Amino acid sequence: MTDTQNDVEATGWRSDKFIAGLAKRKRSERRFRLTGLLAILTALTLLGILLFSIFSTGYTAFIQTYITLDVTFSESVIDKNGARDPAELRAANYNRLVQDALRKKFPEVTSRGDLRTLFSLVSNDASQTLREMVEKDPGLIGKTVPVRLLAGDDVDMVRKGYIDRESAEEDRRVKNEELVWLDALLKEGAVSTHFNSGFFTNGDSREPEKAGIAGAMVGSFYTLIITMIIAFPIGVMTAIYLEEFAPKNKLNDLIEVNINNLAAVPSIVFGLLGLAIFLNVAHLPRSAPLVGGLTLALMTLPTIIIAARAAIRAVPDSIRQAALGLGASSQQAAFHHILPLSMPGILTGTIIGLSQALGETAPLLMIGMVAFIADVPSTISDPATVMPVQIYLWADSSERAFVEKTSGAIMVLLGFLILMNAFAIVLRKKFERRW
Amino acid sequence: MSFYPLLIVLLLMSAVGYWFGSKKALSAVRKSSNFITPRPHQFGLYVVIWALVPPVFLGALWLMLQMTPLQMEAGTTQQIDRIFFPVLVLLAAGAGLYLSILRINPDLRVRKTIEGLVYIILILASIVSILTTLGIVLSLLFETIQFFKKVPMTEFFFGLNWSPQTALRADQVGSSGSFGSIPLFTGTLLITFIAMCVAVPLGLLSAVYMTEYASGKFRAVVKPLLEILAGIPTVVYGFFAALTVGVFFRDVGDSIGIDIVSESALAAGVVMGMMIIPFVSSLSDDIIMAVPQSLRDGSYGLGATKSETVRKVILPAALPGIVGAVLLAVSRAIGETMIVVMAAGFAANLTANPLEAVTTVTVQIVGLLVGDQEFDSAKTLAAFALALVLFAVTLTLNVIALIVVRKYREKYD
């Protein structure tokens, strides 16, 4: 009987079962909450690892190693006749000067193979540097001056610590003798590192130490300009039409559904469209920013339309009514009042769409913007490449020195993206009106 | 006469027309007693429209004529191009100018003409997006039909062997290449599945935490940070997957004695999942937010804790929407290209083992079309067939997802 008494007392929220259950429920509540927080932290950690791995390998791309050598501009090599003829000076063998300088520094190296290795300490860009010096000041001829020359990529990699000196000689690109020479140069203080301005002014190159992103930046710029010229007006006009004028009928429903679906089509399909229409039917030049821009414009169009529609919809109806009440036609209301008021929102959406286009790679591979192009493009129909494709190409290169270049290019690309998005945010903060 | 001089002459003519038209309208205003709707510059625009529309129309017509494979002698074409066409265009523009200026009087409803033209231009702009879809469908279909003329459909859809190399010589052994795309589909599905295993739990749990637990301040800081993941270009993820994650998994596998290749499906899938996290989380965020507060309040009123409310009330209520979000994420993962191109394998491999290298539909499209192309080879055409499958699958997924999400919205509106 006492048992039943206890049962009666223990019902409800005071029962042991309930109290024990409550503790359990509270624990599970805390656990659930923690799981949620952990999910967010995991995502952020992944982002952190991604950025860290890029930045930690990429920052060295902005520094480059140079070797200072005493170069003798001997008349017998570059100007045999002594006539100082500019044409002859341009065609002269400046490589020989570099080789002579290296030979003088390491007179003990004599065998052909060793000499070749020795010469590879200095980039083959060095002769270019010397030629420019002589063309600027022919008075140098006959003198011996210390010149700062671009180091080869192996030296650069050793200097930056990417090549492990301790590993077995067969496993590494840089042989022991090279390390000995390099150490000798280091002891003299002939090796120095400087800001790599060539990274921003050179086009692509097979030699990592000379490769730069100028060509890709210009290509990206042209492509983006074309994208903007095409996608922005068409996008805004479509948005105005759909929001302000379109009567409710089958065609306009079709346009709406179609835009929503286009926004979800994989980007590579747009690449195939570009290939089939712009290259095979219209015969526009391959690899050109013109075609890239057109393809990306079609891809960005839905983004811009959707953003522009949202911005136009946010303008209150009272503005429209007031304009119509004062005798404006519906087009005057749309173009003189609604469009200017929704412009900040439209521009924000456009910039975000363009920043997507700037980071897009796959469709551009399809239209042949993956060729190796060393020159900086000068018009929109020159063969060119863009920054993401340049990153893809360098990431594919086997040479160790291209890894840091890739990361460096990614840093520059991310910089541009941050800049564009920041601009969009500022635009929104400054001009957006809450009605 | 070439294009630019003609254009300059036309623009000069319209400038004169603009000036003359608005002047004539203004001078006549005083004589008119009616209420005048158009503004003076609109009269000028009216004249310009009449001066420019006929030449533009003629130009379009001529372009179309040139594109049609009409056999004409080169000399005739050149003659038309150099003499006949410019003269005709200038005559048309002149006639337009003259007639429109003649017609101008303040009572003419020029605003209507102008707005009619603007309206047509707006419609033309909206049709561009339809033309894009049409272009995609037609170009893919056309090439795919060509492809199926060379390779039987059954081989493509049911074949287990993918090696699209076509031989240099016809009599070479194994020269035909084989186009069984099953390994590509399974590879794509495997990587997508791994990506979803990463993205769905992480994205969903972050969305729940953000909407139900996080303070406004936490949300304001963390949400944009998560969005950064969505803003990073895919080529960067590809580089990360190939260089860091793939190598990391391989080393971990080495240290515990499992053989993991550096192009494993696992690495590509995990990184792809990472990219999709913000996509899932922001979609689920919206969907959880849309669950009415009354459901939450009812649950709290019955004594449920927050986590119980989330698990037993909010998630079941939001389930259709979340399913829609996951479908959208799947469609995005299937169409993703750069991560798999850089981090997944290239050789077709029929396996479900995530530690091995597999290839995907998008990788093969890129592989087939980058480099030398000859447009009739089965190899190039295969890329279009694959793309058509890709397009059809992603489109279907999207349509289903949109319907599901719309149904769900209607339930709580």
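Every value quoted in this text rests on a predicted model; they were computed, and no experiment measured them.

Once that is clear, we can look at the overall build of chain A. Check the secondary structure of chain A and you find 19 helices and three strands. What you see for chain A is a C-alpha radius of gyration of 32 Å, clearly larger than the 22 Å of a compact globule of 435 residues, by over 25%. When the backbone C-alpha atoms are referred to their principal axes, chain A occupies close to 110 × 85 × 40 Å.

This part takes up the overall build of chain B. Tallying secondary structure elements over chain B gives 14 helices and two strands in all. Computed over the C-alpha atoms, the radius of gyration of chain B is 31 Å, more than 25% above the 22 Å expected from 2.2 N^0.38 for a compact globule of 413 residues. Considering only intrachain contacts with a sequence separation of at least 6, the fraction spanning at least 24 residues in chain B is 76%.

Another point: the domain arrangement of chain A. Its domain assignment divides chain A into domain 1 (2-58), domain 2 (61-201) and domain 3 (214-431). When each unit is reduced to the centre of its C-alpha atoms, the spacing between domain 1 of chain A and domain 2 of chain A is 64 Å.

Glancing now at the environment of Ala 333 of chain A. All names here are of chain A. Assignment of secondary structure puts Ala 333 in helix α16 (residues 330-359). The class for Ala 333 is buried, based on 20 C-beta atoms found within 10 Å. Excluding anything up to four places from it in sequence, Ala 333 contacts Arg 320, Ala 323, Leu 324, Ala 328 and Ile 338.

This part covers the sheet that holds strand β3 (residues 191-195) of chain A. Residue and element names in this part refer to chain A. Ordered in space as β2-β1-β3, the three strands form an open sheet in which the pairing is antiparallel. Looking at the sheet topology across the chains shown, the edges are occupied by β2 (144-150) and β3. Going from strand to strand, the sheet's axes swing by 40° on average, the running direction of each strand aside. By the bridge criterion, five bridges tie strand β1 (residues 63-72) to β3 in an arrangement that is antiparallel. Note that in β3 the partner of Gln 64 across the bridge is His 194. Against the sheet, helix α5 (residues 94-105) contacts β1 and β2, and its axis sits at roughly 85° relative to β1.

Attention now goes to the packing of α16 of chain A against helix α19 (residues 401-431) of chain A. Residue and element names in this part refer to chain A. Two numbers describe how α16 lies on α19: the axes approach to 9 Å, and their chain directions differ by 170°. Classified by the interaxial angle, the pair formed by α16 and α19 is roughly antiparallel. For the pair formed by α16 and α19, the contact residues are Pro 344, Leu 347, Thr 348, Ile 351, Ile 352, Leu 354, Ser 355, Leu 358 and Gly 359 on the first element and Leu 413, Phe 416, Leu 417, Met 420, Asn 421, Phe 423, Ala 424, Leu 427, Arg 428 and Phe 431 on the second. Its residues placed into classes, the contact of α16 with α19 shows 14 nonpolar, four polar and one charged.

What follows is about the interface of chain A and chain B. Tallying the contact residues gives 64 residues for chain A and 65 residues for chain B. Here the side of chain A that touches chain B gets 17 residues from one element, more than from any other, and that element is helix α2 (residues 16-58) of chain A. Class assignment for the residues of the side of chain A that touches chain B results in 44 nonpolar, 17 polar and three charged.

Okay, the nonpolar core next. Inside soluble globular proteins, nonpolar side chains tend to come together where they are buried. Residues and elements named next belong to chain B. Counting residues in each nonpolar core, the largest one holds 217 residues, and the members touching the most others are Ala 241, Ala 268, Val 271, Ile 339 and Ala 387. The residues touching Val 271, leaving out its near neighbours within four places in the chain, are Tyr 237, Phe 240, Ala 241, Val 245, Ile 339 and Ala 343. Of all hydrophobic cores here, the second largest spans 15 residues; its members include Val 47, Val 48, Ala 51 and Leu 97.

Now for the domain arrangement of chain B. According to the domain assignment, chain B contains domain 1 (3-108) and domain 2 (178-412). Spacing between the C-alpha centres of domain 1 of chain B and domain 2 of chain B amounts to 55 Å.

What follows deals with the confidence of the model for chain A. Chain-level pLDDT for chain A is 87 on average; 98% of the residues reach the 70-or-more range. Predicted confidence for residues 1-5 of chain A stays below pLDDT 50, and this span has zero contacts to residues more than four positions away or in other chains.

Let's shift gears to the environment of Phe 106 of chain A. All names here are of chain A. Mapped onto the elements, Phe 106 comes out in the loop between α5 and α6 (112-119). Using a count of 17 C-beta atoms within 10 Å as the deciding quantity, one classes Phe 106 as partly exposed. C-alpha of Phe 106 to C-alpha of Ala 184: the two residues are 78 residues apart in sequence and 9.5 Å apart in space. In this structure Phe 106 touches Leu 118 and Trp 181, once residues within four positions along its chain are discounted.

Thresholds applied
Position labels on residues start from 1 in each chain and follow its written sequence. By the order in which they are written, chains take letters starting at A while ligands take numbers starting at 1. Note on the predicted model: pLDDT of at least 70 is required for a residue's local features to be given, and 80 or more for side-chain atom pairs to be given and counted; whole-chain, interface and lining totals, by contrast, use all residues. The secondary structure listing takes helices from DSSP runs of H or I that are at least 4 residues long and strands from runs of E that are at least 2 residues long, numbered from the N terminus. As defined in this context, the radius of gyration uses C-alpha atoms, and a globule is described by 2.2 Å times the residue total to the power 0.38. The contact criterion used here is simple: two residues whose C-beta atoms, placed from the backbone, lie within 7 Å are in contact. In this document the domain limits rely on a domain assignment from an automatic tool or a database. Each residue is classified by how many other C-beta atoms fall within 10 Å of its C-beta atom, where C-beta atoms are placed from the backbone; a count of 20 or more means buried, 12 or fewer means exposed, and values in between mean partly exposed. A strand pair is defined by DSSP finding two or more bridges across the two strands. Axis definition: a line fitted to C-alpha atoms, over the contacting stretch in the case of helices. Angles run 0 to 180 degrees between N-to-C directions. Angle categories are assigned with fixed cut-offs, so that under 35 degrees is roughly parallel, over 145 is roughly antiparallel, 65 to 115 is roughly perpendicular, and the rest are oblique. Basically, the charged four are Asp, Glu, Lys and Arg, the nonpolar ten are Ala, Val, Leu, Ile, Met, Phe, Trp, Tyr, Cys and Pro, and anything else, Gly included, counts as polar. A set of buried Ala, Val, Leu, Ile, Met, Phe, Trp, Tyr and Cys residues, joined through C-beta atoms within 7 Å, is what we mean by a nonpolar core. Confidence scores here are pLDDT values: one per residue, from the predictor, ranging 0 to 100.

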